[in-house]
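What follows is each chain in one-letter form.
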Amino acid sequence: MLDDAEYVIVSYGSTSGSVRRAIKVLRAQGYRVGMLRPKTAWPFPGWVVENLVSRGVQKFITVEVNMGKMYHVVKEFSRGVLVEHIPYAPGYIPDPDYVVNNVRKVIEG
């Protein structure tokens, strides 16, 4: 769902299922949100982030079960496009409602 996305959620591993469900809810509410799910953490597909920047993505949002490892890598390739971070306590998978609520806060300011 990246074709028309204004906001891209970057999620890796176990959080991806919750993010996928959250995106369906957010899209139903009218938000143009998509997901980038890298299959490997290293090497990180920075070229995909760069391509999304050139297509006009307004903001990247990282949803992680850690305190910002993916955030820093996305920021490295974002060419100045704002990157927001939604952390979640290690050991748990975020509920889709948690993702929806926090992504809406990031988008709406």
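Note: the structure precedes this text.
The rules behind the values
- Residues numbered from 1 in each chain as written.
- Predicted model: local features only at pLDDT ≥ 70, side-chain atom pairs only at ≥ 80, totals over all residues.
- Heavy atoms only, no water.
- Pairing = 2+ DSSP bridges.
- Helix = DSSP H or I, 4+ residues; strand = E, 2+ residues; numbered from the N terminus.
- Axes fitted to C-alpha atoms, helices over the stretch in contact; angles between N-to-C directions.
- Contact = heavy atoms within 4.5 Å.
- Phe/Tyr/Trp six-rings, centres within 6.5 Å; stacked < 30°, edge-to-face > 60°.
- Buried < 20%, exposed > 50% of the residue type's maximum accessible area, 1.4 Å probe, protein only.
- Right-handed = clockwise from strand over helix to strand, strands pointing away.
- Salt bridge = Lys/Arg side-chain N within 4 Å of Asp/Glu carboxyl O.

Before going further, it helps to examine the sheet that holds strand 1 (residues 7–11). Spatially, four strands are ordered 2-1-3-4 in an open sheet, and the strand pairing comes out parallel. The open sheet is flanked by strand 2 (33–36) and strand 4 (82–87), the only strands paired with a single partner. Here the strands of the sheet are splayed against their neighbours by 25° on average, with no regard to which way each runs. Bridge count for strand 1 against strand 2 is four bridges, and the pairing is parallel. Note that in strand 2 the partner of Tyr7 across the bridge is Val33. Where helix 2 (residues 46–54) meets the sheet, it contacts strand 1, strand 2 and strand 3 (59–64), and its direction lies at approximately 145° from that of strand 3. Helix 4 (residues 96–108) rests against strand 1, strand 2, strand 3 and strand 4 of the sheet, and its axis sits at about 150° to strand 4.

Let us now look at the packing of aromatic side chains. All chains considered together, the criterion is met by two aromatic pairs. A ring pair is formed by Phe44 and Phe77, whose centres lie 6.0 Å apart and whose planes are at 25°; its orientation type is stacked. Here Phe44, found in the loop between strand 2 and helix 2, pairs with Phe77, found in helix 3 (residues 69–77); they are 33 residues apart in sequence, far enough to count as distant. Residue classification places Phe44 among the buried positions, given a relative accessible area of 10%. Ring geometry for Tyr88 versus Tyr98: centroids 4.8 Å apart, planes at 70°, classification edge-to-face. Of this pair, Tyr88 sits in the loop between strand 4 and helix 4 while Tyr98 sits in helix 4, and the two are ten residues apart along the sequence.

Turning our eyes to something else, we now look at the pairing of strand 4. Strand direction decides the pairing type here: strand 3 and strand 4, joined by six bridges, are parallel. For Phe60, the partnering residue across the bridge sits in strand 4 and is Val83. What joins strand 3 to strand 4 is helix 3, and the crossover it makes is right-handed.

Let's shift gears to the environment of Leu26. Note on placement: Leu26 falls in helix 1 (residues 16–28). The spacing of Leu26 and Val83 is 57 residues in sequence and 18 Å in space, taken between C-alpha atoms. Among all residues touching Leu26, those that are not within four sequence positions of it are Tyr31, Val33, Val100, Val103 and Arg104.

Below, the discussion takes up the pattern of salt bridges. Within the structure shown, the criterion is met by three salt bridges. Note that Arg27 is salt-bridged to Asp4, the shortest N-O span being 2.7 Å. Here the residue Arg27 occupies a position in helix 1, and Asp4 occupies one in the segment before strand 1, the gap between them amounting to 23 residues. The residue Arg79 makes a salt bridge to Glu50 at a minimum N-O spacing of 3.8 Å. Separated by 29 residues along the polypeptide, Arg79 in the loop between helix 3 and strand 4 and Glu50 in helix 2 bring together distant segments of the chain.

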